[in-house]
Amino acid sequence: MSRTSGLPQHELTAQLLRITDELSDRFHGVFSRETVAKVVDETYDLLAENATVTTYLPVLTARFTKQRLADQGRADGLTTITVPQVLFICVHNAGRSQIAAALLEHHSFGKVSVRSAGSKPTGTIPQTVTDALNELGIELTEAFPKPLTDEVVRAADVVVTMGCGDTCPVYPGKRYLDWDVADPAGASLNTVREIRDDIDRRIRGLLSELLQD
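Residues numbered from 1 in each chain as written. Predicted model: local features only at pLDDT ≥ 70, side-chain atom pairs only at ≥ 80, totals over all residues. Heavy atoms only, no water.

- Identification of the chain as Protein-tyrosine-phosphatase from Lentzea albidocapillata is taken from an unreviewed UniProt entry.

Given below as structure tokens:
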């Protein structure tokens, strides 16, 4: 497959091979190298489909592949993870779901595993969202819009949808919540603060329930 990136093809191939090597070592005994290589290639292509800036695609591919393999291992019972996992989904994974994931990760101190995804991921996280979270001491240094994939839903204990309708796959044995939250896209910083605070209240309530279980 011909791939678009800010790198020469041979350099991109070398970077993807290095990612495969590193993740094969990390998941040794859980997944074969062939499986890791397949997920690396698939992940790169998934991200490249909607990428507006391709320069950092290899870096994002490494991060997202690591997450996908961890979720696949959890979903298939190949790894032992004792904390509950929560998945937040909105349409673009650039606003509401990113805010929710950042807040839950901030408040849970590692007691909950957090994921976010978009049914139609696109664009970048708005500066107003970044600024509103920075006011709480939360930095979105590694966040980026990610597509909704099968394994992240299967690995989740709780799935929270935020304005994406019925596009989320439904699996039995999971808790599904639908939060009616305003979309921060194009909103002023003051409005985004209000959305942030609304989500924060919901997050605190959900966290209290999760830690009581």
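**Some thoughts on the sheet that holds strand S2 (residues 113-118)**
For step 1, the next point in the chain: Strand order across the open sheet formed by four strands is S2-S1-S3-S4, with parallel pairing between neighbours. Single-partner strands in this sheet number two, and they are S2 and strand S4 (175-178). Ignoring which end each strand starts from, the neighbouring axes of this sheet average 20° apart.
For step 2, the next point in the chain: By the bridge criterion, six bridges tie strand S1 (residues 85-90) to S2 in an arrangement that is parallel. Directly across from Gln85, in S2, lies its bridge partner Ser113.
For step 3, the next point in the chain: Contacts from helix H3 (residues 57-75) reach S1 and S2, with the element oriented near 115° to S2. (Pairing = 2+ DSSP bridges. Helix = DSSP H or I, 4+ residues; strand = E, 2+ residues; numbered from the N terminus. Axes fitted to C-alpha atoms, helices over the stretch in contact; angles between N-to-C directions. Contact = heavy atoms within 4.5 Å.)

**Things to note about the packing of helix H2 (residues 33-50) against H3**
For step 1, the next point in the chain: In the contact formed by H2 and H3, the axes pass within 9 Å of each other and the chain directions differ by 125°. For the element pair H2 / H3, the angle class is oblique. Once H2 is placed against H3, the crossing between them reads as right-handed. Contact with H2, carried on its side by Val36, Val39, Val40, Glu42, Thr43, Tyr44, Leu46, Leu47 and Ala48, involves Leu57, Leu60, Thr61, Phe64, Thr65, Arg68, Leu69 and Gln72 of H3 and no other residues of that element.
For step 2, the next point in the chain: Residues belonging to the contact of H2 with H3 are distributed by class as follows: 11 nonpolar, four polar and two charged. (Parallel < 35°, antiparallel > 145°, perpendicular 65-115°, else oblique. Left-handed = near helix turned anticlockwise from the far one by under 90°. Nonpolar A, V, L, I, M, F, W, Y, C, P; charged D, E, K, R; others polar.)

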